[in-house]
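Geometric and topological summary
Each chain, letter by letter, is given below.
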There are 4 protein chains.
Amino acid sequence: MLVIMKRDATKAEIDAVVERIKEFGITPVPLPGAERTAIGTFGATSRAAADAVESLPGVAEVVPVSRPFKLASREVIAEDTVVRIGSVAIGGGQPLAVIAGPCAVESRDVMLETARAVRSAGGAALRGGAFKPRTSPYTFRGMGEEGLEILAEARAETGLPVVTEVLAPSDVEAVARVADCLQIGARNMQNYSLLDAVGEQPKPVLLKRGMSATMEELLLSAEYVLARGNRNVILCERGIRTFERYTRNTFDVNAIPMLKRLTHLPVLADPSHGTGKWYLVAPVAMAAVAAGADGLIVEVHPSPDHALSDGFQSLSFDNFRSLMVVVPQVARAVGRGERVAAR
Amino acid sequence: MLVIMKRDATKAEIDAVVERIKEFGITPVPLPGAERTAIGTFGATSRAAADAVESLPGVAEVVPVSRPFKLASREVIAEDTVVRIGSVAIGGGQPLAVIAGPCAVESRDVMLETARAVRSAGGAALRGGAFKPRTSPYTFRGMGEEGLEILAEARAETGLPVVTEVLAPSDVEAVARVADCLQIGARNMQNYSLLDAVGEQPKPVLLKRGMSATMEELLLSAEYVLARGNRNVILCERGIRTFERYTRNTFDVNAIPMLKRLTHLPVLADPSHGTGKWYLVAPVAMAAVAAGADGLIVEVHPSPDHALSDGFQSLSFDNFRSLMVVVPQVARAVGRGERVAAR
Amino acid sequence: MLVIMKRDATKAEIDAVVERIKEFGITPVPLPGAERTAIGTFGATSRAAADAVESLPGVAEVVPVSRPFKLASREVIAEDTVVRIGSVAIGGGQPLAVIAGPCAVESRDVMLETARAVRSAGGAALRGGAFKPRTSPYTFRGMGEEGLEILAEARAETGLPVVTEVLAPSDVEAVARVADCLQIGARNMQNYSLLDAVGEQPKPVLLKRGMSATMEELLLSAEYVLARGNRNVILCERGIRTFERYTRNTFDVNAIPMLKRLTHLPVLADPSHGTGKWYLVAPVAMAAVAAGADGLIVEVHPSPDHALSDGFQSLSFDNFRSLMVVVPQVARAVGRGERVAAR
Amino acid sequence: MLVIMKRDATKAEIDAVVERIKEFGITPVPLPGAERTAIGTFGATSRAAADAVESLPGVAEVVPVSRPFKLASREVIAEDTVVRIGSVAIGGGQPLAVIAGPCAVESRDVMLETARAVRSAGGAALRGGAFKPRTSPYTFRGMGEEGLEILAEARAETGLPVVTEVLAPSDVEAVARVADCLQIGARNMQNYSLLDAVGEQPKPVLLKRGMSATMEELLLSAEYVLARGNRNVILCERGIRTFERYTRNTFDVNAIPMLKRLTHLPVLADPSHGTGKWYLVAPVAMAAVAAGADGLIVEVHPSPDHALSDGFQSLSFDNFRSLMVVVPQVARAVGRGERVAAR
């Protein structure tokens, strides 16, 4: 870390900082400057030391140097992690994977019909929420365990592996029994009890970025899962909250190549939540692929106008099929393998 | 709601919207304009209807009219709710309540020493986290159940009621056995399983605004608790995430009078998290009181430089005592009763 | 517009709103609802009326319906506008145009060397700032008129048309004498004197989105130029300010297809400012093209490490050449014509 | 500055950074650590050096140490600057100054009536825009020079000094002939030609924070004016742009005490723009005073419902009088002198 002293810091104040740093077993190096003194440190620094020093008299600022995530870091693990959802491999040089399905599991018929459409268009896996987090307590919160059974049936019929969200630690076991991949939604990205719980079971985890989470915080949340022993984590950019009002969220396309640089974990893009408008899904999906995403997760519904949730951002089957024609072309244009992953 | 059609919407498209609205049992009223047609509705509107209509052909925008929260709304319940934490009444015309204590329960000695200092300076209640949400998995996550016992001891000695955070539905029972008020932290404001759980037990709930939550979302999260039957909810503004980098968060002082206008629930201010700098805590605390807050929640530590967490934003005992001298003066200046609440 | 009354609005308050609306020559339509009354209007609405009504007693909210921009709107002018910078056509079905060059004109040598490299790699036009807006008054503010002469020389040698920024109304004439296109920078997007000035001369205008401007505000700033009679406006997405700290700005890729839907004006992307990191420029450039951008504006420098400004986000000649190989592939993949525009 | 190398940086890369730093006449100090090497510097650092080093191979990050503003910094000038607008002193220990008036000068009658009301309620100075920046080109843009004459008349009658906005460098002379203080609006905070122009004339400057400007950027814009020789700069917090939608802007109350700590310049608060709702103006005004503001600037109108601009955030005369009763009480409560400044 680097401790920056105020211009008028006294010698006694500088000495006190030096002593305090030593208490943490760290070696301080004073760097007197023209305008003020700074104090660097040799060796590892703990956050605790940085926090302790920050409020000492005469200190202007403390700058941490090491990135706070380890197991998620490409500096620690250089090689791409490939995560398998059922038989579909995601990340590394693997073909682009498109996960698709309705926002929520609404009924057996809708789910099965969508699963068939996803499969025939070349999708790699199925999504659909049995447990739904909703901003208002008065809206549809999902079919629960019955929804899980419908997802299992859809998988049995189409062979597509299933990704579904889990909302509470107490549901992890039940959801993991059915799902091929557990999704942690944006609102739960910093629900640490839940991260601990999915970190202690073996199914892969799809971790969505919180709507106001920095990339660093996303990687630290991944670190929670990794630190519990589950190394199969997939990150997902799904749009962040900004001042812009014409779109539901602002899809942070910068995050795709930046995360690929910072971490070895696979990175997916969710253009449905990232835009909140069905007519922006295809162009932003293509943008994400061009920027290097390892796959997409997209909302599809047989009749978006009648969906119980998020219909305004769901693709119809026709629009999904069109997307699945152009996505491989973009993937090829940026050197992303021959084809899109499909069973 | 109001459905705004595109300029070039056809008569058939307008008719289809009118029919679709009727399917929800709502009466549509077409409003042809110079540039385009809009369609208003008589009677109650459900979100489901708004969502369904939004994606129909020819629709430019759907504007919901009713506020989506009910039990939290001052339009529904005009009179101020007074919430009691132990014997301390908060909200309505009650004296200002100052809740103070360390960020985390670190040790018996620090907690008891702080509790005595809070009491003698005129604090109304004690705060301290036994379970701590932390961005990194590698930092101190609290003393857990042992911390709860220490809090109980501090209450027994000082008579101050205890506010402490709960992180997981499975911990609610244990925390509620000890705490006089359950805190839901900013990161868990949209953890709906947790909101359901605290809504189903009788202890009051201190609900902190998420760092990127709108006021409407805060009120909807309160609605979750209220809808489960627990009407003792206190809201807390604690700073939102913005682009500004000199402060940890941006304390949204507008939210104090705006929330007081929108809801009958008490509104507290947390200037410690709202600023992230100990030297800004006092001026922002006074600002919040001047703006109409029903109370404050402040981090205090015997030796902020040595705190295990958040030392940089904690007040020393001396600074807390100074704050407790000036706060009642500001409260009086804005007509907020004679004194600050204290046991 | 739609005026939403409070739940407890009295009949007298509703009547007063109805009367006030009539004063503006607009016909109000009361819409009594289950919970409250709303008042819609037939015909055109002025902002002035909306503002006037908003503060009347009993009014909860006023929702404007018409979009406030006209000449920039695709609803008013359906067909794509094609803007010519020198001989290069931008927008409509025209080939993708890549404008490139150093952030600032630093010296004759650097500018000429870069111009040749841009030309040989297939760039369509040259960029370079003679007048530079800088956050600090102590940094290099550009070569001024001397820089303009160097730009003219670079054009003479390479045949590439020149895009350069103008900072003040009093400089418009001098800059327009040399430049083929006048750039309005992000910080000046709402400098209305400057917008008026460039609107009154005939050279095309490249208008960059302000770092915290909504798309609507960008279109309204374009409207200033259009309303003065200059119909040759090109919009440019260059990243917005968010809470994210790993990148300089957040490139709003959603804005590309959204703006193309809202307006007939060409839309460019600036991945250099949009990311602030040279190693993110290529992936985000490709993303912008995949999302439907009509062209790119990119910072290139012979020796980015030694650039006087923005070196950290400038491409070397080698990296620019690599980008110019892959961009046409992406353009083709999304059906964007056969080739990239080049002289 | 501190240069942080990547974990896998080679010795050759570290040496290259050391050499590059030396080229700027700065002495580098390598700090090898457990995980990576950092390089500190002795002596002054220029931004140019930091930028140059940032893109060298093996560099992970460059952290500037010195604050980039000088003349605005309290570290350079410790004593409070007192700025005089006419005969009213602002800043230092001076009594709180309240500047009030309509958003725009709309007519002679409205301006004179308001001036009398401001004076009789105890206001210190008069505000009113003759030149108005407007988001849309189709709205009222002010009365121009005629408005200036009306302001001069209002001053002659009431004795109140006049603060009014200037939009373009070419208007500075005309506005400065009439105004006692030139206002730079939020949209022009980074209009450097305009900052240069007001820095070269002697009338004091009221500089409003841009709606997405950091405090550092505000201070750097002040630095532009100061560096041109005009040392009479007053800063003004007027709300920043965030995701919150219930208020027009988010008033950043943290900025009041933070700016007072960073700079010796006076700091005003504008609760009218900071909230955008007339009913929030009084509580937020009091909050700003409690947080240490040197004064307020408030919109007042004889008939807010009929104002040509910003009526929804303007106080009526009655509400302004009520505010002027309570503001001195809050000022006294926080030890801010005996009374509010008034002629």
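Here is what the cut-offs are and how they apply
- Note on numbering: residues in each chain are counted from 1, in written sequence order.
- Chain labels run from A onward and ligand labels from 1 onward, assigned in the order the entries are written.
- Thresholds applied to this predicted model are a pLDDT of at least 70 for local features of residues and 80 or more for the giving and counting of side-chain atom pairs; totals over whole chains, interfaces and linings are not thresholded and use all residues.
- Only hydrogens and water are set aside when side-chain values are computed; all heavy atoms of the structure are taken into account.
- Comment: elements are numbered from the N terminus, with helices defined as DSSP H or I runs of at least four residues and strands as E runs of at least two.
- Under the convention used throughout, the expected extent of a helix is 1.5 Å for every residue step, that is, one less than its residue count.
- Exposure categories follow from relative accessible area, calculated using a 1.4 Å probe and restricted to protein chains: below 20% of the type maximum is buried, above 50% is exposed, and the middle band is partly exposed.
- Residues are treated as being in contact if the distance between any of their heavy atoms lies within 4.5 Å.
- To obtain each axis, a line is fitted to C-alpha atoms, and for helices this fit is confined to the stretch in contact; angles are then taken between N-to-C directions over 0 to 180 degrees.
- Roughly parallel means an angle under 35 degrees; roughly antiparallel, over 145; roughly perpendicular, 65 to 115; everything else is oblique.
- Rotating anticlockwise by less than a right angle from the far helix to the near helix defines a left-handed crossing, while the corresponding clockwise rotation defines a right-handed one.
- Buried area is understood as the total, over both parts, of accessible area removed when two parts are fitted together, assessed with a 1.4 Å probe.
- We define a salt bridge as a side-chain nitrogen of Lys or Arg found within 4 Å of a carboxyl oxygen belonging to Asp or Glu.
- Pairing of N or O atoms within 3.5 Å defines a polar contact, subject to two protein rules: one partner must be a possible hydrogen donor and the other a possible acceptor, and residues neighboring in sequence count only if both atoms are side-chain atoms.
- The classification used treats Ala, Val, Leu, Ile, Met, Phe, Trp, Tyr, Cys and Pro as nonpolar, Asp, Glu, Lys and Arg as charged, and all other residues, Gly among them, as polar.
- Paired strands, in this sense, are two strands between which DSSP finds at least two bridges.
- A score between 0 and 100, pLDDT records how confident the predictor is in each residue.
- Only a pair of cysteine sulfur atoms within 2.5 Å counts as a disulfide in this structure description.
- Buried Ala, Val, Leu, Ile, Met, Phe, Trp, Tyr and Cys residues form a nonpolar core when they are joined through side-chain atoms within 4.5 Å.
- Crossovers are described as right-handed under a simple rule: with the strands pointing away from the observer, the path leading from the first strand over the helix to the second runs clockwise.
- Classification of ring pairs uses Phe, Tyr and Trp, with its six-membered ring standing for Trp, and accepts pairs whose centres are within 6.5 Å; under 30 degrees between planes counts as stacked, over 60 as edge-to-face, and the remaining range as tilted.

1. Comments concerning helix α7 (residues 215-227) of chain B
Residue and element names in this part refer to chain B.
- The end-to-end C-alpha distance of α7 is 18 Å, a good match for the 18 Å that 13 residues give at a rise of 1.5 Å each.
- Taking burial as the measure, the 13 residues of α7 include 11 buried ones, the bulk of the element.
- Check the buried side of α7 and you find it contacts α6 (192-199), β11 (205-208), β12 (233-237) and α8 (255-262).

2. As for the packing of helix α7 (residues 215-227) of chain A against helix α8 (residues 255-262) of chain A
All names here are of chain A.
- Running from amino to carboxyl end, α7 crosses α8 at an angle of 50°, the nearest separation of the two axes being 11 Å. When the interaxial angle is binned, α7 and α8 end up oblique. The hand of the α7/α8 crossing is right-handed. Judged by residue contacts, M215, L218 and L219 of α7 engage A255, M258, L259 and L262 from α8.

3. Details of the interface of chain A and chain C
- Each partner contributes to the interface: chain A provides 41 residues, whereas chain C provides 41 residues.
- Both faces combined, the contact of chain A with chain C buries some 3200 Å², and carbon together with sulfur accounts for 70% of it.
- Interface area lost by chain A to chain C is led by F243(A), Y246(A) and N254(A), which between them contribute 24%.
- Summed over the shared surface of chain A and chain C, the result is two salt bridges.
- Salt-bridge contacts for E244(A) lead to R209(C); the nearest nitrogen and oxygen are separated by 2.9 Å.
- Summed over the shared surface of chain A and chain C, the number is 10 residue pairs in polar contact (both at pLDDT 80 or more).
- Mapped onto the side of chain A that touches chain C, the elements with two or more residues apiece are α7, α8, α9 (271-275), α10 (278-290) and α11 (317-333) of chain A.
- Looking at the side of chain A that touches chain C, the element that brings in the most residues is α10(A), giving seven residues.
- Looking at the side of chain A that touches chain C, its residues break down into 24 nonpolar, 10 polar and seven charged.

4. Looking at the environment of D305(A)
- Along the polypeptide, D305(A) turns up in the loop between β14 (295-299) and α11.
- In this structure the C-alpha to C-alpha distance between D305(A) and A78(A), which are 227 residues apart in sequence, comes to 45 Å.
- If near-sequence neighbours (up to four positions away) are discounted, D305(A) is found in contact with R20(B), A52(B), S55(B), L56(B) and P57(B).

5. Topic: the sheet that holds strand β8 (residues 125-127) of chain D
Residues and elements named next belong to chain D.
- Spatially, eight strands are ordered β7-β8-β9-β10-β11-β12-β13-β14 in a closed barrel, and the strand pairing comes out parallel. Averaged over neighbouring strand pairs, the angle between their axes works out to 25° when direction is ignored.
- Two strands pair when backbone bridges link them, and strand β7 (residues 97-101) and strand β14 (residues 295-299) are joined in this way by five bridges, in the parallel orientation. The residue of β14 that forms the bridge with V98 is L296.

6. Points about the sheet that holds strand β9 (residues 162-165) of chain A
All names here are of chain A.
- Read once around its circumference, the closed barrel built from eight strands follows the order β7-β8-β9-β10-β11-β12-β13-β14, with strand pairing classed as parallel. With direction set aside, neighbouring strand axes in the sheet form an average angle of 25°.
- Set on the sheet, helix α3 (residues 108-121) makes contact with β7 (97-101) and β8 (125-127); between it and β8 the angle comes to about 145°.
- Contacts from α7 reach β11 (205-208) and β12 (233-237), with the element oriented near 160° to β12.

7. A look at the confidence of the model for chain A
- When pLDDT is averaged along chain A, the result is 89, and 94% of the positions lie at 70 or above.
- Both confidence scores are given for the complex: pTM 0.86, ipTM 0.86.

8. Structural notes on the environment of V110(D)
Residues and elements named next belong to chain D.
- Locating V110 in the fold gives a position in helix α3 (residues 108-121).
- You can call V110 buried: its relative accessible area is 16%.
- The spacing of V110 and H301 is 191 residues in sequence and 7.7 Å in space, taken between C-alpha atoms.
- Residues contacting V110, with those up to four places away along its chain left out, are H301 and P302.

9. Remarks on the state of the cysteines
All names here are of chain B.
- Applying the stated rule across the entire model yields zero disulfides over all chains.
- For C181, which is in no disulfide, the shortest distance to another cysteine sulfur is to C236 and amounts to 10 Å.
- Taking relative accessible area as the criterion, C181 reaches 0% and is therefore assigned buried.

10. Here we look at the pattern of salt bridges
- Applying the stated rule across the entire model yields 72 salt bridges over all chains.
- Where R209(A) meets E237(A), a salt bridge forms, and the shortest distance between an N and an O atom there is 2.7 Å. In this pair, R209(A) sits in the loop between β11 and α7 while E237(A) sits in strand β12, placing the two residues 28 residues apart along the sequence. Residue R209(A) shares its accessibility class with E237(A), and that shared class is buried.
- Across the salt bridge formed by D80(D) and R74(D), the nearest N and O atoms sit 2.7 Å from each other.
- Residue D80(D) is classed as partly exposed on the basis of its relative accessible area, which comes to 31%.
- Salt bridges sharing common partners tie together R209(A), E237(A), D252(A) and E244(C).

11. Examining the nonpolar core
- Counting residues in each nonpolar core, the largest one holds 169 residues, and the members touching the most others are L207(B), L296(B), F320(B), L207(D), L296(D) and F320(D).
- The residues touching L296(D), leaving out its near neighbours within four places in the chain, are A97(D), V98(D), I99(D), L268(D), A269(D), P271(D), A285(D), A288(D), V289(D) and V327(D).
- One finds L112(A), M258(A), V326(A) and A117(C) within the second-largest nonpolar core, a separate group that totals 168 residues.

12. Remarks on the pairing of β11(B)
Residue and element names in this part refer to chain B.
- Alternating residues of β11 divide into V205 and L207 and L206 and K208, and every residue in both groups is buried.
- Where strand β10 (residues 181-184) meets β11, three bridges bridge the pair, whose relative direction is parallel. The partner of Q183 across the bridge, within β11, is L206.
- Regarding the hand of the β-α-β motif, the stretch spanning β10, α6 and β11 is right-handed.
- As defined by bridge partners, β11 adjoins β12 across four bridges and the pair is classed as parallel. The residue of β12 that forms the bridge with L206 is I234.
- Regarding topology, α7 serves as the crossover connection from β11 to the parallel β12, and that connection is right-handed.

13. Let's talk about the side chain of S314(A)
Residues and elements named next belong to chain A.
- Along the chain, the position of S314 falls in the loop between β14 and α11.
- With a relative accessible area of 2%, S314 lands in the buried category.
- S314 has contacts with W278, E299, H301 and P304, leaving out every residue within four places of it along the chain.

14. Notes on the packing of aromatic side chains
Residue and element names in this part refer to chain D.
- Within this structure, the stated rule accounts for eight aromatic pairs over all chains.
- The interplanar angle of 15° and the centroid separation of 4.4 Å between the aromatic rings of Y192 and Y224 together place this pair among those described as stacked. With a gap of 32 residues between them, Y192 in helix α6 (residues 192-199) and Y224 in helix α7 (residues 215-227) connect regions that are remote in the sequence.
- Judged by relative accessible area, which is 1%, Y224 ranks as buried.

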